[in-house]
Amino acid sequence: MGIRVDGLSKRFGSFVAVDDVTFDVRAGELVALLGPSGGGKSTILRIIAGLETADAGSVSLEGEVVDEMPPRDRRVGFVFQHYALFRHMTVEQNIGYGLKVRGVAKAERQRRVGELTGIMGLRGLEARYPAQLSGGQRQRVALARSLAPSPRLLLLDEPFAAVDARVREELRAWLRRMHDQVGVTSIFVTHDQEEAFGLADRVMVINRGRLEQDGSPREIQDEPATEFVARFIGESNVLEARVQGEDAWVGALRVGLDQGERGTRGGAAARLIIRSYDLKFWHAENGDSVAVVRRVVPLGDRVRVEAAVDGAGPIFAHFPRRSSLLHGIEPGARIAVEVTRARAYPVEAP
């Protein structure tokens, strides 16, 4: 089922929660709304579901404008962050609740509940109550309950925020498999970049109520459309620079710029965003060195190297733990620096 969100805006008093947001979701897609907390992601989701009313704009489901349609009639499944299960009902009763409210016959309810407990890996738990389940199991019950009425759209608001890291990783892989099996169009809200890029077909970056960028995980990571996206996504160096012809200078470090990012006048101020994996350091005591190592921090299978560029501020890069480039890299060592990719953004005059 296709979705169209057109010019959506929402205020809460003087606070602008959603600011003229427009996007489309194709039938069968799994889309992530990614951004910092308080950026408007959940409000967008709630407006699509009919749980909030927009001040302006419209929502269309399968080409039908649903702004005046009550939530129940939209056939949208909504999964809340904290499950919202009925504590006095068993797993079977929770999953079948929506079907019972809709007057579905008992035999059909039992068939649908049995089908979903199989898909969700809940077989054998039908008679348990929520308090007898783990966090991951409760979240799967919540998902099954949302899918039971065969919704045309599934909305998930920070679906894995309430479980620990290990269970969260398992649930992410499980959700992707479940989506591919069931095929329902889905939108989920998250502030976790790994979750968004690991699960979604497409990612929409939301900040301060506005849609900053809409694209594939690769496009969002490698081709950030705005300075905010470049700063927000991944681990990046943010460096003040001066553009001279085809290059930007950060103290003693020269950074080559792509054709579209070169300044039109000498000495123009720029802000460079350089991903930690787009930097190479190596030990160099000769004239090639432009920085000095300050710290070397082991991080599991990676090593973070923090350095100071001559005539400028700090810079950091990540390396595989056994990288040959780490030979001779220790606090106080002089290093050469190579930038394999950088994004330049103009600094507006005050």
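None of these values were measured; they are calculated from a predicted model.

J.: Before we go on, may I ask you to explain the pairing of strand E10 (residues 210-215) in this structure?
T.: Every other side chain in a regular strand lies on the same face of the sheet, so the side chains alternate between the two faces. Two strands pair when backbone bridges link them, and strand E9 (residues 202-207) and E10 are joined in this way by five bridges, in the antiparallel orientation. Among the inter-strand pairings, Met204 is bridged to a residue of E10, identified as Asp214.

J.: Before we go on, may I ask you to explain the packing of aromatic side chains in this structure?
T.: The description of an aromatic ring pair uses the distance of the two centres, along with the angle that the planes make with each other. This model, assessed by the stated rule, comprises four aromatic pairs. Ring geometry for Phe86 versus Tyr97: centroids 4.7 Å apart, planes at 55°, classification tilted. In this pair, Phe86 is assigned in the loop between strand E6 (76-79) and helix H2 (91-101) and Tyr97 in helix H2, connecting sequence segments 11 residues apart. You can call Phe86 partly exposed: its relative accessible area is 28%. With relative accessibility at 33%, the residue Tyr97 sits in the partly exposed group.

J.: Explanation requested: helix H3 (residues 106-119) in the structure shown.
T.: A turn of α-helix holds 3.6 residues, and therefore any two residues three or four places apart point the same way. The end-to-end C-alpha distance of H3 is 20 Å, a good match for the 20 Å that 14 residues give at a rise of 1.5 Å each. Considered for burial, the residues of H3 that qualify are Arg109, Arg112, Val113, Leu116 and Thr117. One side of H3 carries all its buried residues, which in axial view fall inside an arc of 135°. The secondary structure elements touched by the buried residues of H3 are H2 and helix H4 (135-147). Where H3 ends, the next residue or the one after it, Gly121, has phi of about 70°, a positive value.

Reading the values: the criteria
Residue numbers run consecutively from 1 along every chain, following the written order of its sequence. Predicted model: local features are reported for residues with pLDDT of at least 70 only, side-chain atom pairs are reported and counted for 80 or more only, and whole-chain, interface and lining totals are derived from all residues. Hydrogens and water are ignored here; the side-chain numbers use all heavy atoms of the structure. Pairing between two strands requires that DSSP report at least two bridges joining them. Strands are runs of DSSP state E lasting at least 2 residues, helices are runs of H or I lasting at least 4, and numbering of each runs from the N terminus. Ring pairs shown here join Phe, Tyr and Trp side chains whose ring centres sit within 6.5 Å, with only the six-membered ring taken for Trp; geometry is labelled stacked below 30 degrees between planes, edge-to-face above 60, and tilted in between. Remark: exposure states derive from per-residue accessible area (1.4 Å probe, protein chains only) relative to the maximum for the residue type, with buried under 20%, exposed over 50%, and partly exposed in between. Between the first and last residue of a helix there are one fewer steps than residues, each counted as 1.5 Å, and that sum is the expected span. The arc in question is the one traced by the directions running from the helix axis out to the C-beta atoms. In what follows, residue pairs with any heavy atoms lying within 4.5 Å of each other are defined as contacts.

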